[in-house]
Structures are given as C-alpha cells and as structure tokens.
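# Residue-level structural notes
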Amino acid sequence: MKRIATHQAGIQQGSHVLFSDYENDGVMWAGTGPRATGFAVTFNHPYRSPPSVMVGISMWDLDQKTNQRADISADKITETGFEIVFKTWGDTRVARIRADWMAIGEMPNDDDWDLY
C-alpha cells in the first residue's frame, strides 16, 4: 500500500494513440509473432517519488479474422514519467490502439528541504 499525505496528493492523466499501423502496413498490422511497442509519457509536474500508474485501452481496432490478443502495461515508472508498453503475439492484427493513463502520487511541497 502506498500512503499519500492528502494535502500533497497529485493526479495526472492523459490519452495517446500509440500507433496506427493499418495506414502503412506497420508491424502490428502486417507482422506476426511477438511484437511490442512503447510510448514515453512525461508528467507535466514531477512527483516526490514514483507514483502509482494505471493504463488501459480506450480504443482498439483489431482485425476480426484473427485472434484478439493484447497486453498493455506501465513500465519504467519514475518521478518524471513512465513508458506505456503494448504487446501482441501470434497472428493478431492490430490496426491502432489508444491508451488512457492516470498517475496518482505525492507531489513535492514548497516547504520540503533538500539536504545534501
């Protein structure tokens, strides 16, 4: 469990189209086997420590003739950002994916001291 001082809690969110591979026969649309792509997100305001990040698919466009396989996650989470990672495998053909994310964590306070 992550405890957050309520007077310093910060929530940031966003939405990103990760790819649109059907337009140019990209690897998610034309390829087979294990495939992955990442999208770097930079927070507008840094957190005091790495926040909790949730990622979900808010739009998907997949070929109905193949199995629909998808894995989405947040990776490399730091105080300043993270990476959205989308994976598929087998014969799945993914035309495009949009991901929504939300980060919740403790924000720095003007009264914090930096001791070196």
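What counts and how
- Residues numbered from 1 in each chain as written.
- Predicted model: local features only at pLDDT ≥ 70, side-chain atom pairs only at ≥ 80, totals over all residues.
- Heavy atoms only, no water.
- Pairing = 2+ DSSP bridges.
- Helix = DSSP H or I, 4+ residues; strand = E, 2+ residues; numbered from the N terminus.
- Axes fitted to C-alpha atoms, helices over the stretch in contact; angles between N-to-C directions.
- Buried < 20%, exposed > 50% of the residue type's maximum accessible area, 1.4 Å probe, protein only.
- Contact = heavy atoms within 4.5 Å.
- Salt bridge = Lys/Arg side-chain N within 4 Å of Asp/Glu carboxyl O.
- Phe/Tyr/Trp six-rings, centres within 6.5 Å; stacked < 30°, edge-to-face > 60°.
- Lys NZ or Arg CZ within 6 Å of the ring centre and 35° of its normal.

The next point concerns the sheet that holds strand E4 (residues 71-75). Two strands in a sheet stick together by hydrogen bonds in their backbones, pointing the same way (parallel) or opposite ways (antiparallel). On the basis of which strands lie adjacent, the open sheet formed by 3 strands has the order E2-E5-E4 and antiparallel pairing. On the outer flanks of this sheet lie strand E2 (35-42) and E4, each paired with one strand and no other. Ignoring which end each strand starts from, the neighbouring axes of this sheet average 20° apart.

This paragraph deals with unusual backbone geometry. With a phi close to 55°, Asp25 is a non-glycine residue in the positive phi region. Mapped onto the elements of the fold, Asp25 is located in the loop between strand E1 (9-20) and helix H1 (27-30). For Asp25, a relative accessible area of 55% puts it in the exposed group. Even without being glycine, Lys76 reaches a positive phi, approximately 55°. Mapped onto the secondary structure, Lys76 falls in the loop between E4 and strand E5 (81-88).

With respect to the element layout, Ile11 can be found in strand E1. Separated by 88 residues in sequence, Ile11 and Ala99 have C-alpha atoms that sit 17 Å apart. Residues within four places of Ile11 in sequence aside, it is in contact with Tyr47, Met102, Ala103 and Ile104.

When the charged atoms of two side chains lie near each other, side chains of opposite charge can form a pair. Applying the stated rule across the entire model yields 5 salt bridges. Residue Asp91 pairs with Arg69 through a salt bridge whose shortest N-O separation is 2.9 Å. Taken together, the residues Asp91 in the loop between E5 and strand E6 (94-106) and Arg69 in the loop between strand E3 (52-62) and E4 connect sequence positions 22 residues apart. Among the residues examined, Asp91 registers a relative accessible area of 35% and is labelled partly exposed. Of the charged contacts in the structure, one is a salt bridge between Glu83 and Lys76, with a shortest N-O distance of 3.4 Å.

Here we come to the packing of aromatic side chains. With the rule as written, the count across this model stands at 5 aromatic pairs. Seen from their ring centres, Phe19 and Phe86 are 5.6 Å apart, and the 55° between their planes marks the pair as tilted. Taken together, the residues Phe19 in strand E1 and Phe86 in strand E5 connect sequence positions 67 residues apart. Through successive ring pairs, a cluster of aromatic residues spans Phe43, Tyr47, Phe82 and Trp101. Directly above the aromatic system of Trp29 lies the positively charged group of Arg93, at a separation of 3.9 Å from the ring centroid.

Structural measurements only, silent on function.
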